[in-house]
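# A look at the structure
Okay, here's what each chain looks like letter by letter:
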Amino acid sequence: MEGQQVRALYDFTGEPGTAELSIIAGEVLTVMRDNVGDGWCEGFNQNGKSGLFPVAYVQIVDTTASAPNAMTASQQSSGDYWDDDWDDDSEIGQTQAYVPSQQQQQQNMIQLQQHHSVDYGDSMQTIHSVIPERPIPSVPKRNNKFSTLIKSGEDNFLLGVRVASVPESEKLYIEEIEGGRYKWVPSRDPYSCVVTSPKKESKLKGLKSFIVYQLTPTFNNIQVSRRYKHFDWLHGRLEEKYCFIPIPPLPDKQISGRYEEQFIEHRRTQLQEFVDYVCRHPVLACSRVWEHFITCTDEKRWKPGKRQAEKDELLGVNYFNAIQCPDSTLDTIKVEIQTDAFSKFITGLDPVVKNFMAMAIDQTKKCQVLYKREFQKIGQSFTALGHALEGDDISRGRLTRALKVTGDAYNEIGKFYEEQPKFDWEPLSDKFHIYRGIISSFPDVISIHKSAVQKRRDYEKLVSEHKMEPQQLRELSQRTDVIARALLAEETHFQTEQEIHLTQAMKTHLTEQITFYQKIVDKLREALSAYEG
């Protein structure tokens, strides 16, 4: 639909202060991008005014334009630093253009007209806010692991038909620890990486703008500059390469308001959470594509490294060939019991974490709007009472001044509530955004092991029917154990993460809450002192 003209079927009023374009039924518009996402496209009207409008509100007029040609033209535009061949300022990314069916258009219209609320299942308590809000954007689900495994040749790996050549630098090691558990063995010393100094830059003489973040790893203290789309590219590479590891999610993509100071800072903290998780993961932290991402400062090195990552053959199931682990045979029944228990744990945890995030976001909105407004209304009432008493000669003096101090105190408390979420509720929400994405990806990771176990059972049947050699089954079982140990090692890492880092997150949250309420107590004591002789 890109480059085509469409006719508005209905009136649509854009929300003030956003990138939405108001349209009138019957007017003709030209579509610039139909891949904005969530049922929206971007275009301009006959007056030259551009913006976003709902796909469901328009109908194609001219079907002769070529969407692929339009896309090609946009890709050939002058790019930013190092990336002129994959330039796209869209926060959504390029997806295949499509024209919604009439039924889909009607569904989109209904969704646009409905009021949203946050509700996560019958078993959970629904979070109801007095403040109108949109639901929490869902964490993008990565490609189904089972499909990836089949396409990558699961049978080839299990039967050892195709054994990929693995350089020493790509090998991953798993060791057994106390209690019959397994863990990844880090191949380098721990390090961290800070995300700082977001700033707005532009290109094409200011026609396109973007935010650049500075990343500095502690092992070399050399700063690199990266955009959100660079993170998006990295995320795609990590997901494609490590089918057996849930990759932490990036911040939610945004269409409008991307250059507002508050949004930029919040995105920086969310990117920091993503970077922190990758640095703490013993496999991801040593990934070649990740190290290239956080260390490359030279254009001449960036492009070859990027191309090498995109042509990497050790992807998905093929990367199981790189895993080095103990040769001992696993107790299949014990492993299945353990993985089933973990699967049930993840299934039960998923809605609870979603509900927790809804609560944290709801508290943020209430603090910034509802609680602030309520305390300022209280302050206004005390101030008004003081002004009214000034008309009485007897009451004029200390009492009226004390009432004004009280009013000012409550007004300040309202401002405290407005500022506080960025110290407690927002960081907690950002932390759980990461874990929500990890949890939602675990079922796909678990399905890889279940698929391998089922194939082993199928081949056991073939051996019993003398259609397969016992030696082949033994080798297949060893490779199935590799998949099992990878899953068990990832379970161990997740359990360590939730124990250490969620504990720290809660301690930080409660410390900030105590400081916050102490400020309120101090302010009320200050007001009380105004009444004392």
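Residues numbered from 1 in each chain as written. Predicted model: local features only at pLDDT ≥ 70, side-chain atom pairs only at ≥ 80, totals over all residues. Heavy atoms only, no water.

### Quick word on the overall build of the chain
Assigned secondary structure in the chain consists of 12 helices and 11 strands. Across the 533 residues in the chain, those meeting the buried criterion constitute 46%. Once local pairs closer than 6 in sequence are excluded, the contacts in the chain between residues at least 24 apart make up 73%. For the chain, the accessible surface area stands at approximately 27,700 Å², while carbon and sulfur atoms represent 50% of it. (Helix = DSSP H or I, 4+ residues; strand = E, 2+ residues; numbered from the N terminus. Buried < 20%, exposed > 50% of the residue type's maximum accessible area, 1.4 Å probe, protein only. Contact = heavy atoms within 4.5 Å. Areas by Shrake-Rupley, 256 points an atom, 1.4 Å probe, with all protein chains shown as cover.)

### Brief notes about the pairing of strand S3 (residues 40-44)
Within S3, 4 of the 5 residues are buried, which leaves the element mostly enclosed by the surrounding structure. Direction of pairing for S3 relative to strand S4 (residues 50-54): antiparallel, over a ladder of 5 bridges. In the sheet register, Cys41 faces S4, and the bridge partner there is Phe53. Linking S3 back to S4 in an antiparallel pair, the connection comprises 5 residues, with Gly48 at a positive phi of about 90 degrees. (Pairing = 2+ DSSP bridges.)

### What to know about the nonpolar core
Ranked by size, the top nonpolar core spans 90 residues in total, and within it Leu215, Phe244, Trp290, Phe320 and Ile323 carry the most contacts. Membership of the second largest hydrophobic core comes to 15 residues, among which are Trp40, Leu52, Ala56 and Val58. (Core = buried A, V, L, I, M, F, W, Y, C linked by side-chain atoms within 4.5 Å.)

### Thoughts on the confidence of the model for the chain
The pLDDT averaged across the chain works out to 81; a share of 78% of its residues lies at or above 70. Low pLDDT, under 50, characterises residues 148-152; the predicted model gives this stretch 7 contacts beyond four residues in sequence or across chains. (pLDDT = per-residue confidence, 0-100.)

### Quick notes on the sheet that holds strand S6 (residues 172-177)
One open sheet accounts for 3 strands, arranged S7-S6-S11; its pairing is mixed. With partners counted over all chains shown, the strands left at the sheet margins are strand S7 (181-185) and strand S11 (323-324), one partner each. By the bridge criterion, 5 bridges tie S6 to S7 in an arrangement that is antiparallel. By the bridge assignment, Glu175 is partnered in S7 with Lys183.

### Some remarks on helix H8 (residues 299-310)
Taking 1.5 Å of rise per residue, the 12 residues of H8 would be expected to cover 16 Å, and the 17 Å separating its terminal C-alpha atoms lies within 8% of that figure. Along H8, the residues classified as buried are Trp302, Gly305, Lys306 and Ala309. Considered in projection along H8, the buried side chains sweep an arc of 105 degrees and stay on one side of the axis. Looking at the buried residues of H8, the elements they touch are strand S10 (224-227), helix H5 (228-241) and helix H7 (288-295). In this structure Asp298 caps H8, since a side-chain oxygen of it lies 3.1 Å from the backbone nitrogen of Lys300. (Expected span 1.5 Å × (residues − 1). Arc of directions from axis to C-beta. Polar contact = N/O pair within 3.5 Å; in protein donor to acceptor, adjacent residues only side chain to side chain.)

### Re the packing of helix H10 (residues 398-419) against helix H12 (residues 470-529)
The relative placement of two packed helices is expressed as an angle between their axes plus a distance between the axes. Their axes nearest at 9 Å, the elements H10 and H12 cross at an angle of 170 degrees. When the interaxial angle is binned, H10 and H12 end up roughly antiparallel. Every residue of H12 that contacts H10 at Val405, Thr406, Ala409, Tyr410, Glu412, Ile413, Phe416 and Tyr417 is listed here: Phe516, Tyr517, Lys519, Ile520, Lys523, Leu524, Glu526 and Ala527. Here the contact of H10 with H12 is composed, by residue class, of 11 nonpolar, 1 polar and 4 charged. (Axes fitted to C-alpha atoms, helices over the stretch in contact; angles between N-to-C directions. Parallel < 35°, antiparallel > 145°, perpendicular 65-115°, else oblique. Nonpolar A, V, L, I, M, F, W, Y, C, P; charged D, E, K, R; others polar.)

### Some details on the sheet that holds strand S8 (residues 193-203)
Taken together, the 3 strands give an open sheet; going across it, the order is S8-S9-S10, and neighbouring strands pair in antiparallel fashion. At either end of the open sheet lies a strand with only one pairing partner, and these are S8 and S10. With direction set aside, neighbouring strand axes in the sheet form an average angle of 35 degrees. As paired elements, strand S9 (residues 208-217) and S10 share 4 bridges and run antiparallel to each other. The residue of S10 that forms the bridge with Gln214 is Ser225.

### A look at the packing of aromatic side chains
Counting across every chain of the model gives 25 aromatic pairs. Ring centres of Tyr277 and Tyr435 lie 6.4 Å apart, and the angle between their planes is 85 degrees; on these two criteria the pair is classed as edge-to-face. Of this pair, Tyr277 sits in helix H6 (residues 261-280) while Tyr435 sits in helix H11 (residues 425-464), and the two are 158 residues apart along the sequence. Judged on exposure class, the residue Tyr277 and its partner Tyr435 are both buried. With a centroid separation of 5.8 Å and 25 degrees between ring planes, the pair formed by Trp290 and Phe293 is classed as stacked. In this pair, Trp290 and Phe293 both sit in helix H7, 3 residues apart, roughly one turn of the helix. Of the residues examined, Trp290 reaches a relative accessible area of 0% and is grouped as buried. Of the residues examined, Phe293 reaches a relative accessible area of 0% and is grouped as buried. (Phe/Tyr/Trp six-rings, centres within 6.5 Å; stacked < 30°, edge-to-face > 60°.)

### Quick word on the environment of Phe342
Here Phe342 shows up in helix H9 (residues 332-389). The exposure class of Phe342 is buried, given its relative accessible area of 6%. Discounting chain neighbours no more than four positions away, the residues touching Phe342 are Phe442, Ile446, Glu491, Phe494 and Gln495.

### A look at the pattern of salt bridges
Considering all chains together, one arrives at 25 salt bridges under this definition. Linking Lys241 and Glu170 is a salt bridge whose minimum nitrogen-to-oxygen distance equals 3.7 Å. Of this pair, Lys241 sits in helix H5 while Glu170 sits in the loop between helix H4 (154-159) and S6; the two residues are 71 residues apart in sequence, bridging distant segments of the chain. Given a relative accessible area of 5%, Lys241 falls into the buried group. Judged by relative accessible area, which is 3%, Glu170 ranks as buried. One salt bridge in this structure joins Asp481 and Arg456, with 3.5 Å as the shortest N-O distance. Of this pair, Asp481 sits in helix H12 while Arg456 sits in helix H11; the two residues are 25 residues apart in sequence, bridging distant segments of the chain. Beyond isolated ion pairs, a larger network of salt bridges with shared partners links Glu170, Lys241, Arg288 and Asp312. (Salt bridge = Lys/Arg side-chain N within 4 Å of Asp/Glu carboxyl O.)

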